[in-house]
2 protein chains.
Amino acid sequence: MVIIGGDAAGMSAASQARRLRNEDELEIVAFERGTFTSYSACGIPYWVGGEVDSRDELIARTPEEHRKRGIDLRLHTEVTEIDVDGRRVRTRTVDGAEGPSGPDGWTHFDKLVVATGARPVRPPFPGVDADGVHGVQSLTDGQSVLDDLAALERTDDGGRRTLRTVVVGAGYIGVEMSEALIRRGHRVTVLEQAEQPMSMLDPDMGALVREGMSGLGIEVVTGAAVREILTGADGRARAVVTDDGEYAADVVVLGIGVRPETSLARAAGLPVGESGGLLTDLGMRVLGQRDIWAGGDCVEVFDRVARRTRHLPLGTHANKHGQVIGTNAGGGYATFPGVVGTAVSKVCDLEIGRTGLLERQAAEAGLRYVTVTVESTSRAGYYPGAQAMHVKMLAEERTGRLLGTQIVGREGAGKRVDIAAVALTAGMTVEEMTGLDLGYAPPFSPVWDPVLVAARKAVSKVRARSGGGSA
Amino acid sequence: MVIIGGDAAGMSAASQARRLRNEDELEIVAFERGTFTSYSACGIPYWVGGEVDSRDELIARTPEEHRKRGIDLRLHTEVTEIDVDGRRVRTRTVDGAEGPSGPDGWTHFDKLVVATGARPVRPPFPGVDADGVHGVQSLTDGQSVLDDLAALERTDDGGRRTLRTVVVGAGYIGVEMSEALIRRGHRVTVLEQAEQPMSMLDPDMGALVREGMSGLGIEVVTGAAVREILTGADGRARAVVTDDGEYAADVVVLGIGVRPETSLARAAGLPVGESGGLLTDLGMRVLGQRDIWAGGDCVEVFDRVARRTRHLPLGTHANKHGQVIGTNAGGGYATFPGVVGTAVSKVCDLEIGRTGLLERQAAEAGLRYVTVTVESTSRAGYYPGAQAMHVKMLAEERTGRLLGTQIVGREGAGKRVDIAAVALTAGMTVEEMTGLDLGYAPPFSPVWDPVLVAARKAVSKVRARSGGGSA
């Protein structure tokens, strides 16, 4: 069993296969181009922000731990070609490696796992490769931002300097990095091409996030198309230029999103979808292949609500893929049932949750829907710390089937979206949701949970639209 | 439309019926024995603990507000008889009332709503009626505890005294009152007859609660059957006596639970279940009746997991019942689909959630099951504030159907039970649950949510028990 890529999907697959098959039954070789395995890329903003002390805390399992469990892990080893018919992959050692690396040549496989992940979008504007411009995809990226910040923050007299920082992109990674930079005491400007931050939310909910971010002292500039990063005589970035302005920057962070890293797989003729992500069956086998699996950020996943595949790179899916692949490659049986599009994030105490379809996604899927938005509170209104929470809900016209839920609020807002995520998975209607028996006590929820309040309002709207009464 | 009882179920029914039918179409009269309407009894511990400033904050809607909405509300008016065949109720004024009360005589009804609530269990041991012994069922009870505490706390020199307090019963109300008393700076002993606090949890999970409460400085004495409350020469309680000891007490709080208040309904021949709660159909109509509805703490609800009715008094159900009754009585159509037995509670920062069946309830229902317990964390392990969380899960043998979930932990533990509550409602198996797409980001959850970790372990156990492999 050969694995390409040593992060969540690949190494979960390796571990799970090893759980089922011992070393006499199954040899497992994993090739990783970089230095690290099984790390939490999602944790990088918290490491940069100082909430997580060290890089090592983000590493779930080290190369040594994997090797001890009987996985032949080769670091600094890049796979350069997949020969599907010949059942072999060609590799080469990237640079001086600690521990086992290589070989430089062909390795035979009986079973292959493609877990090549995603690569950050690095738009081709001038200056994007200047010093002081950082991605936040890998631990190496994280270390480089941290080192750069630490060096610039120090003043000659041992004091600390406030930096001007610009974050390009206001998606998850962008807003999380803006929190990290605010925590370090810097000035933060976020430049977003769209008209609202968080394009994984509908514009009206994104506006609430913008409002919340502004309240935290983060400057959010929307409709801002970056044209160029200006560099100084020292080769360092000094400002980011958009169509409308110029934003001085000591440090620039790129958080523009990622694309599936599938050049290798495509060169080998493996099938990819519209987003460039590999296409698999329910068992995570690459379509048309018997002994090649793929998982993690390099595949498209089945969206159970829109009933199509899409690229949705998230560590939690990658781990599940790895489990499924390892089980199947180990001779067991498992499937990945798809996703409903759940995600949570936060900027300081502002929490954001979403699941299911946005309005534009529902329309793209050919669905007619109603939307409602309610404002409720995280706890009983009279209980101390009760915070405003906005819940938006989409339901299909006529059937009343739940299509999506977005929540923006403070404490207790983010994970509340799980209620809707489970309801979506179960195919519930908003009417069925109004009867849900959710946990109630004054410190936890109003007597009608905000999600139920939204469901009730959605029921009325579905009925009104269907020509029924409001009862 | 005549309503007996002016709290959550009764007044929600009144409000909802009024929404559908104006005053020309439907006259609504509500009789309430006490002084208050639509209040949150669940909020009383937080009022006593000082987290909620005033009684009025616990009142969702005052008598005046109800009257303004066209509901003829009579306070201090007790219904003494229901004449089902004659379609009338007999009432009498209890004492001097502000605003409209009475009449003393018969009132005709076309539609009747029985929302008589529950009464606290007041065990018949000697001294239970002494001064200084308090229930916590009504706002009047809450006021009386507060007044008593305030008077005793004051020292002659204007200082503040630490009191010895004893709480009898370690259910929700008992543990919540123990938090309130600890917050006021008093010594608290909780006496519980069972072997563990929180008998709405399995004993192993109850043991975690006991441990947490002890850590908060609350003395928890289990297996403690109260025999007597000793009173002093002044007629005040001075100690609580159990089989094994004597516990000095300046104030005693009774939190032993409640029974459905259905004497009136039973006298009228309306059908009750094993617990004494009224039996209704899915539309909350009393069985065998066309124009009499019942809801709130005086009814038995359908347990969707055990598929039987039980008494489960909770404000959140009462509100839903009221909605359903009001809709149906107003000429619309609504049903109450039953409960899955979800409840959340907390003692200081210790959070407790449960849904579905306990082991003993599953056994009583004739179900064979497996149980698993996992310890995970509320956030990614490396994220600051990640707290241990224990999740116990019951799944049916062979089918793997989820039967119940109990969670004990700190922040983020209580409401996480909603995930399982929705899964129970949807009839999911633990295998289906392992594929749930739940919100993941390091500040919110480990990459495998604790509920998913438990579900995965449950899958293995179900398979092992069915003779399958562990894959």
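As the structure is a computational prediction, the values presented were derived from the model and not from experiment.

1. Focus: the packing of aromatic side chains
All told, the structure shown has two aromatic pairs over all chains when counted by the stated rule. Geometrically, the ring pair formed by Tyr46(A) and Tyr383(B) is edge-to-face, given 5.0 Å between the ring centres and 80 degrees between the ring planes. Here Tyr46(A) is found in helix H2 (residues 44–48), whereas its partner Tyr383(B) is found in the loop between strand S23 (369–377) and strand S24 (388–396) on a different chain. This pair shows no difference in class: Tyr46(A) is buried, exactly as Tyr383(B) is. Over the ring of Trp448(B) we find Arg456(B), and its NZ or CZ is 4.0 Å from the ring centre.

2. Comments concerning the state of the cysteines
All names here are of chain A. If you walk through the whole model with that rule in mind, you get zero disulfides over all chains. No disulfide involves Cys 42; its sulfur sits 16 Å from the nearest other cysteine sulfur, which is in Cys 298. On the basis of relative accessibility, which here comes to 24%, the residue Cys 42 falls in the partly exposed class. Not engaged in a disulfide, the cysteine Cys 348 finds its nearest cysteine sulfur in Cys 42; these two sulfurs lie 19 Å apart. Judged by relative accessible area, Cys 348 falls into the buried class, the value being 17%.

3. What about the relation of the copies chain A and chain B?
Expressed as a screw transformation, the operator carrying chain A onto chain B has a rotation angle of 180 degrees and an axial translation of 0.0 Å, and the superposed copies differ by an RMSD of 0.0 Å. This pairing of chains is accounted for by a two-fold axis. An overlap of 100% is found between the interface residues of chain A and their copies at the interface of chain B, pointing to a shared contact surface.

4. What about unusual backbone geometry?
Positioned with a positive phi, Ser38(A) is a non-glycine residue whose angle comes to about 45 degrees. The phi dihedral of Arg87(B) is positive, around 50 degrees, even though this residue is not glycine.

5. Section: the interface of chain A and chain B
The partner chain B presents 62 residues to the 62 residues of chain A that form the contact. Here chain A meets chain B over a buried area of about 5,100 Å², counting both sides, of which 66% is carbon and sulfur. The largest per-residue losses of area from chain A upon contact with chain B belong to Tyr382(A), Asp437(A) and Phe444(A), which jointly make up 16% of the total buried on that side. Our enumeration of links across chain A and chain B arrives at two salt bridges. For Asp449(B), the salt bridge goes to Lys415(A), with nearest N and O atoms at 2.7 Å. The interface formed by chain A and chain B contains 23 residue pairs in polar contact (both at pLDDT 80 or more).

6. Things to note about the nonpolar core
In terms of nonpolar packing, the biggest core is built from 82 residues, with Met393(A), Met433(A), Met393(B) and Met433(B) touching the most fellow members. Here Met393(B) is in contact with Val370(B), Thr371(B), Val372(B), Leu402(B), Gly404(B), Thr405(B), Val430(B), Met433(B), Val451(B), Ala454(B), Ala455(B) and Ala458(B), once residues within four sequence places are set aside.

7. A closer look at the domain arrangement of chain A
All names here are of chain A. Split by domain assignment, chain A resolves into domain 1 (2–119 + 258–329), domain 2 (133–254) and domain 3 (343–465). Here the C-alpha centre of domain 3 lies 35 Å away from the C-alpha centre of domain 1. Each side of the interface is counted separately: domain 1 has seven residues, and domain 3 has nine residues. Interface of domain 1 and domain 3: buried area, both sides summed, is about 690 Å²; carbon and sulfur atoms make up 54% of it. When the buried area of domain 1 at its contact with domain 3 is split by residue, Arg 304, Val 305 and Arg 310 rank highest and sum to 57% of it. Inspection of the domain 1/domain 3 interface yields zero salt bridges. Of the residues in the side of domain 1 that touches domain 3, the class split is two nonpolar, no polar and five charged.

8. Remarks on the sheet that holds strand S2 (residues 29–31) of chain A
All names here are of chain A. Reading across the sheet, the five strands line up as S3-S2-S1-S7-S18 and stay open at both edges, with parallel pairing between neighbours. At either margin of the open sheet sits one strand with a lone partner, and together these are strand S3 (72–74) and strand S18 (292–294). Between one strand axis and the next, the sheet turns by 15 degrees as a mean value, whatever way the strands run. For strand S7 (residues 112–114) and S18, the ladder comprises three bridges, and the chain directions are parallel. Pairing of Val 114 across the sheet is with Ala 294, part of S18.

9. Some thoughts on helix H8 (residues 315–329) of chain A
All names here are of chain A. Taking 1.5 Å of rise per residue, the 15 residues of H8 would be expected to cover 21 Å, and the 21 Å separating its terminal C-alpha atoms lies within 8% of that figure. Extensive coverage of H8 is indicated by the burial of 15 of its 15 residues. Count one or two residues on from H8 and you reach Gly 331, which has phi positive near 95 degrees.

10. A few points about the pairing of strand S25 (residues 402–409) of chain B
All names here are of chain B. Burial of S25 is extensive: eight of the eight residues sit out of reach of the surface. Two elements, strand S22 (residues 350–356) and S25, share six bridges in a ladder whose sense is antiparallel. Each residue of the ladder has a partner; that of Thr 355, found in S25, is Thr 405. Pairing between S24 and S25: seven bridges, direction antiparallel. In the sheet register, Lys 392 faces S25, and the bridge partner there is Gln 406. The hairpin formed by S24 and S25 contains five residues between the paired strands, and Arg 398 there has a positive phi angle of roughly 65 degrees.

11. Brief notes about the sheet that holds strand S12 (residues 219–221) of chain B
Residue and element names in this part refer to chain B. One open sheet accounts for five strands, arranged S9-S16-S10-S11-S12; its pairing is parallel. A strand with exactly one partner marks an edge of an open sheet, and here the two such strands are strand S9 (133–134) and S12. Judged from the two bridges that link them, S9 and strand S16 (residues 251–254) form a sheet pairing that is parallel. Bridged to Val 133 within S16 is Val 252.

12. Remarks on the side chain of Thr242(B)
Within the secondary structure, Thr242(B) sits in strand S14 (residues 237–242). When near neighbours in sequence (up to four residues on either side) are disregarded, Thr242(B) contacts Leu191(B), Ala224(B), Ala225(B), Val226(B), Arg227(B) and Tyr247(B).

13. Focus: the packing of helix H10 (residues 417–425) of chain A against helix H10 (residues 417–425) of chain B
For the pair H10(A) and H10(B), the least separation of the axes is 9 Å and the interaxial angle reads 20 degrees. Taken together, the axes of H10(A) and H10(B) lie roughly parallel to each other. Crossing hand, H10(A) versus H10(B): right-handed. Taking contact as the criterion, the partners of Asp418(A), Ile419(A), Val422(A) and Ala423(A) in H10(A) are, on H10(B), Asp418(B), Ile419(B), Val422(B) and Ala423(B).

14. Things to note about the packing of helix H1 (residues 8–20) of chain A against H8(A)
All names here are of chain A. Between H1 and H8, the least distance of the axes is 7 Å, while the angle of their chain directions is 35 degrees. For the pair H1 and H8, the crossing hand works out as right-handed. Of the residues in H8, those in contact with Ala 8, Ala 9, Ser 12, Ala 13, Gln 16, Ala 17, Arg 19 and Leu 20 of H1 are Ala 318, Asn 319, Gly 322, Gln 323, Ile 325, Gly 326 and Thr 327. For the contact of H1 with H8, a count of residues per class yields seven nonpolar, seven polar and one charged.

15. Quick word on the pattern of salt bridges
Scanning the model with the defined rule gives 65 salt bridges over all chains in all. A salt bridge links Arg416(A) to Asp449(A), with the nearest nitrogen and oxygen atoms 3.1 Å apart. Residue Arg416(A) is found in the loop between strand S25 (402–409) and H10, and its partner Asp449(A) is found in the loop between helix H11 (430–434) and helix H12 (450–465); the two are separated by 33 residues along the sequence. As a salt-bridge pair, Glu179(B) and Arg183(B) come within 3.0 Å of each other at their nearest N and O atoms. On the criterion of helical spacing, the pair formed by Glu179(B) and Arg183(B) is a turn pair, its members being four residues apart in helix H5 (residues 172–183). Owing to a relative accessible area of 1%, Glu179(B) belongs among the buried residues under this scheme.

16. What about the environment of Phe31(B)?
In this structure, Phe31(B) sits in strand S2 (residues 29–31). Residues Phe31(B) and Ala115(B) lie 84 residues apart in sequence; the distance between their C-alpha atoms is 10.0 Å.

What counts as what
- Residues numbered from 1 in each chain as written.
- Chains lettered and ligands numbered in written order.
- Predicted model: local features only at pLDDT ≥ 70, side-chain atom pairs only at ≥ 80, totals over all residues.
- Heavy atoms only, no water.
- Phe/Tyr/Trp six-rings, centres within 6.5 Å; stacked < 30°, edge-to-face > 60°.
- Helix = DSSP H or I, 4+ residues; strand = E, 2+ residues; numbered from the N terminus.
- Buried < 20%, exposed > 50% of the residue type's maximum accessible area, 1.4 Å probe, protein only.
- Lys NZ or Arg CZ within 6 Å of the ring centre and 35° of its normal.
- Disulfide = S-S within 2.5 Å.
- Least-squares fit on C-alpha atoms with pLDDT ≥ 70 in both.
- Contact = heavy atoms within 4.5 Å.
- Buried area = accessible area lost by both parts, 1.4 Å probe.
- Salt bridge = Lys/Arg side-chain N within 4 Å of Asp/Glu carboxyl O.
- Polar contact = N/O pair within 3.5 Å; in protein donor to acceptor, adjacent residues only side chain to side chain.
- Core = buried A, V, L, I, M, F, W, Y, C linked by side-chain atoms within 4.5 Å.
- Domains from an automatic or database assignment.
- Nonpolar A, V, L, I, M, F, W, Y, C, P; charged D, E, K, R; others polar.
- Pairing = 2+ DSSP bridges.
- Axes fitted to C-alpha atoms, helices over the stretch in contact; angles between N-to-C directions.
- Expected span 1.5 Å × (residues − 1).
- Parallel < 35°, antiparallel > 145°, perpendicular 65-115°, else oblique.
- Left-handed = near helix turned anticlockwise from the far one by under 90°.

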